[in-house]
Structure formats: structure tokens, C-alpha cells
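# Examining the three-dimensional arrangement
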Amino acid sequence: MHATEVFAGHATEFRQARLDDEVLHHAKRAVIDWYAALFPGLSVAPMPQLRALLADDLDRGRARLPDGRCAAPRAAALLNGTAAHAAEVDDSFREAMYHPGAATVAAALAIAQDGRASGLDFLRGVVLGYEVSTRIGVVMGRPHYRHWHNTGTVGTFGAASAAAGLLGLQGESFAHALATAATFAAGLQQAFRMDSMSKPLHAGRAAESGVLAAQLAARGVTGSLDVLDGEAGFGRAMGDGPDWSKVGDTLGRDFHITRLTFKNHVGCGHTFAAIDGALELVRRHGLRASDIRHVHVATYGPALDIACYEDPRTVNEARFSLRFVVATALVHGSVRLTAYTPERLADADTRAMMARITAVVDPQLDAAFPGRRSARVEIETADGRRHAWLQPDRKGDPELPLSDAELEDKFLELASPVIGAGRAQGLLQRLWGLDQAGDLQGLGA
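An unreviewed UniProt entry annotates the chain as MmgE/PrpD family protein originating from Variovorax beijingensis. According to its UniProt record, the chain has this under Sequence similarities (unreviewed entry): "Belongs to the PrpD family."

Scanning the chain for helices and strands turns up 19 helices and six strands. Its C-alpha atoms put the chain at 70 × 50 × 40 Å along the principal axes. Considering only contacts within the chain whose residues lie at least 6 apart along the sequence, 76% involve residues at least 24 apart. Put simply, the chain shows about 16,600 Å² of open surface, and 51% of that area lies on carbon and sulfur atoms. Each charge sign in the chain was given a centre, from 46 positive and 52 negative side chains, and these centres are 2 Å apart.

This part takes up the UniProt feature "domain: MmgE/PrpD C-terminal" (unreviewed entry) in the chain. Per the UniProt record, "domain: MmgE/PrpD C-terminal" (unreviewed entry) is annotated on residues 267–430. Between the end C-alpha atoms of residues 267–430 the distance is 28 Å, and the span holds 48% helix and 16% strand.

Right, let's get into the pairing of strand β6 (residues 386–391). For a regular strand, side chains alternate in direction, first toward one face of the sheet and then toward the other. Strand direction decides the pairing type here: strand β5 (residues 375–381) and β6, joined by six bridges, are antiparallel. In the sheet register, Arg376 faces β6, and the bridge partner there is Leu390. Hairpin connection between β5 and β6: a loop of four residues separates the two successive antiparallel strands, and Gly384 in this loop has a positive phi of roughly 95 degrees.

Below, the discussion takes up the sheet that holds strand β4 (residues 357–361). Within the open sheet, the four strands sit side by side as β4-β3-β5-β6. Their pairing is mixed. Only two strands of the sheet have a single neighbouring strand rather than two, namely β4 and β6. Within this sheet the neighbouring strands show an average axis-to-axis angle of 15 degrees, counted without direction. Each of β3 (292–299), β5 and β6 is contacted by helix α11 (residues 272–285), which is oriented at about 135 degrees to β6, the strand it contacts most.

Going through the model one piece at a time under the given rule, you end up with seven aromatic pairs. For the pair Phe192 and Phe320, a centre-to-centre distance of 5.7 Å together with 35 degrees between the ring planes defines the contact as tilted. Residue Phe192 is found in the loop between α8 (171–184) and α9 (199–218), and its partner Phe320 is found in the loop between α13 (315–319) and α14 (322–332); the two are separated by 128 residues along the sequence. The residues Phe192 and Phe320 share a single accessibility class, namely buried. Between the aromatic rings of Tyr300 and Phe369, the centroid separation amounts to 4.9 Å while the plane-to-plane angle is 15 degrees, which identifies the pairing as stacked. With Tyr300 in the loop between β3 and α12 (301–306) and Phe369 in the loop between α17 (363–368) and β5, the pair connects residues that are 69 residues apart, well separated along the chain. On the basis of relative accessibility, which here comes to 0%, the residue Tyr300 falls in the buried class. Put simply, the rings of Trp34, Tyr35 and Phe39 touch in pairs and so form one group of aromatic residues. Here the guanidinium or amino end of Arg124 rests over the ring plane of Phe14, the centre of that ring lying 5.3 Å away. One Lys or Arg, Lys199, reaches over the ring of Phe192 and ends 5.3 Å from the middle of that ring.

Glancing now at the UniProt feature "domain: MmgE/PrpD N-terminal" (unreviewed entry) in the chain. Mapped onto this structure's residue numbering, the UniProt feature "domain: MmgE/PrpD N-terminal" (unreviewed entry) falls at residues 7–245. End-to-end, the C-alpha atoms of residues 7–245 are 12 Å apart, and along that stretch the chain is 62% helix and 4% strand.

The rules we used
- Numbering of residues begins from 1 in every chain and follows the order in which that chain's sequence is written.
- It should be noted that, the model being predicted, local features are given only for residues of pLDDT at least 70 and side-chain atom pairs only at 80 or more, the latter also being counted only at that level, while totals for whole chains, interfaces and linings use all residues.
- As a rule here, side-chain values cover all heavy atoms of the structure and leave hydrogens and water aside.
- UniProt positions are given in the numbering used here, feature names are shortened, and annotations may be inferred rather than shown by experiment.
- The helix count covers DSSP runs of H or I at least four residues long, the strand count covers runs of E at least two residues long, and both are numbered beginning at the N terminus.
- Note on definitions: a residue-residue contact is assigned when non-hydrogen atoms from the two residues lie within 4.5 Å.
- The Shrake-Rupley method, run with a 1.4 Å probe sphere, supplies the accessible areas, and residue values consider only the shown protein chains as cover.
- When charges are counted, neither His nor the chain ends are considered; positive counts come from Lys and Arg and negative counts from Asp and Glu.
- Every charge is mapped onto a representative atom, which is NZ of Lys, CZ of Arg, CG of Asp or CD of Glu.
- Strands are labelled as partners when DSSP assigns at least two bridges between them.
- All axes are obtained by fitting lines to C-alpha atoms, using only the stretch in contact for helices, and the reported angles, taken between N-to-C directions, cover 0 to 180 degrees.
- In this analysis, rings of Phe, Tyr and Trp, with Trp reduced to its six-membered ring, are considered paired at centre separations within 6.5 Å, and the interplanar angle assigns stacked below 30 degrees, edge-to-face beyond 60, and tilted for intermediate values.
- Buried, partly exposed and exposed residues are distinguished by accessible area as a fraction of the type maximum, computed with a 1.4 Å probe on protein chains only: under 20%, between the cut-offs, and over 50%, respectively.
- A ring is considered to have a charge above it if a Lys NZ or an Arg CZ atom is located within 6 Å of its centre and within 35 degrees of its normal.

Okay, structure coming up:
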């Protein structure tokens, strides 16, 4: 049996299964975090350009955008998926090296609104998309992540699975949706190794492609069912020929959606252990920025490969600069949206702190990636004292999760400036009650 057929078999069983209360709760948390990421991303490039380009696809269809405008499902998935990844505050599943929410929730919402599905059915689609796609990401492993951006590649399967589940596809039809989705999967890491607006489009295109693949399968379009595990398939073409034989072993028993990471800072998640470690040293030893002579960060390889900008000059570069975000945390006490204003990018104190930061790969921490995202931070003070801290996990990881209250605070912080505090509070309450909602109207997206 091919991997696509394994997932199709699970989708058929999952359609009739009761959603466990814990799984349901975590699905709502994922959707709340998706909305928290969506609103600040609406004004981030390339969203203004994308909205203008897609003007002819708006004001028709039953899917909705954050401003309440109608859209056809594929256009809504593209726009909402792009926005949800644009501000760099979306969720991740660590072992798959992947931000599942941006594309998966965008696709599920577009199809659910178009088909007038209930809130519970929408959540079921979200769970299915997370469970299928994260397993593909885990199987593909670190070799795939060497060159590919998993949010674009693996995200296509999350979107396709969520959309196919909501369209009621079962058996071979579901498998064909995945097979066609595989031929759409794309997104290169090189796209954000220079200053670029392309990265958020990886999530948007994954959402759009997944919706399209599911819609085509619903109309009888077939794909190669061995496209994941075949001789010239996804696994070999975009990885090192991984073993797919156990890909479905824990489906329906171990729900990955219960082990998500929700970002506690704004920017590249690979830098967060270093931020947390630096802030912990400040807290423990009562340090001020003026006390610090030198900061040394040891972490895992991708943190330096991806958060690579030594002298960032743009918002995109700053989000992917380990030195900038650690310096910002030490000088200003946090790394929120305000960290990326023009004033902060040019802040003299932050720039001076950056000059005092060095970073290297620690082989032991690198070997633990992707299962752990750790950093060892050492601060030398002006009077010669040395303080060191190993940050084994990031705040927001499953080991140090955001509480429901902290997640609500994140949502309100990011949504309120865009839609107003009252509307944000009302939307939050509706999201917590999704499992009781008869439809998805009035959700603000």
C-alpha cells in the first residue's frame, strides 16, 4: 500500500471517529493562534500587492477575507495563507520543521465557508490536515529541510488533506488529492536567504494548491498514487529516499496537533532559544544592557544558516538575524512587532549590542535538532563576571507551552490593533466556541 493510500484509509476512518476533548481543545488553540498570526500579516508585503493583483477574484464566492469581502475558495486560501505567514508569528510542529497552521487552516476555512460547514466539521478538517502533513514532514526529515522550505512543500499536503476531508473525499479520491498536491509542492529556502518578499507566498500557494488538488480530485482527477514513495517520487526527488513504511503507524492515536509550538516572540523561531536564554540571564542576575561586555551564543546549525543576517537593514533581514533579535531582547526587554520599526532597526544601542554578540554551532545541540531547539548563552559583564545558561527548549514549545491565557493575550495583542479591542474579544470568544457553531459566518476572515 502506498503512503497516499495509508493516509486515505485514515481519512475514511477519521470521518466517523469522535474527536477527543483534548484534541478538540488543541485544534481550537491552533485556530486561535492562526488568527493571531493572520491580522498583523495583512499589511506586510507582499499582501498589498497580492490583494491588488487578485481584485478580479474578490467580491464573489462564499469564502471570506478578514475585511468581510467575499472570495472564491482558492483566492481566499491564497490570501489568508500568505497573510498568516507574513508576520512570522505562526505555529510550528518541531519534528516536521514546518509551520502547519498557515496553509492548513487557510485551506480548511476557505472550503468550510464555501460549503457552509459547521464549526466542528471545520475543526475536524484542521486536525486531519495537521496529522497527515506533519507525518510527511517527519518522514522527509532534515535532508529535505536542507534546501526546501517545508511550509511551502509539506504545507501543500496539510491544505489538501484539510480540504479533501471537508469535501467528503474518501478512499482513492482522498489519495488522488494528495497525489496531485505532491506535484504542486514547492518553496525554496534560498528564497529568503536574501532580502525578499517571497517567503509568505510559500504558505499562500500551499493553501491554494491544496484546495485546488482536493477540488480536482472531487471532480475525478487522478494522480500517481506512488508519488510520495515511488522511484522518482517526492521522497527521492526532494529528500534522500526516506522510509515510508511506518508513516501511518500512530495515526488516530498520537495526535501531533496536541504538541505544537506557539511563538512567544516575533521573528524566526530558530532564534527563540537564544532570546529566551539571554532574557533568563538578565532576569537571574539583574543585568542591564550597559553591564554587558560580550554575549556568546552556541546553538544548532539551521539557526545560523537561516537567521543569518549579520547587518540587517530591512524588516525581513532583521527577522532573520540572530544577532539583531538577541540584541533587541537585551536592550529593550522583548522582541515584539515594535522590534521591527524603522526606529528600532536603526537604534544605536541595539546596533552597539549586536557588535558584542558572537554565535557558533554547538555539535551537541545540532545533533538534537529537529527534536530539540536549544541554545547555550554566555554573558560576560563589564566587571569581568561570566554567566552562562543552557536553554533546552523555547517558551511556547510543548515542554514550555503557552497557557490558554497566554495564548489569548497573544491573540488580543496582535488582533486588537487591526480590528479593534472589542471586536477582537468577541472573535476570540467565538473561536473558543467553534465546536458549537452551526456555521463559520462572522469570524472576521
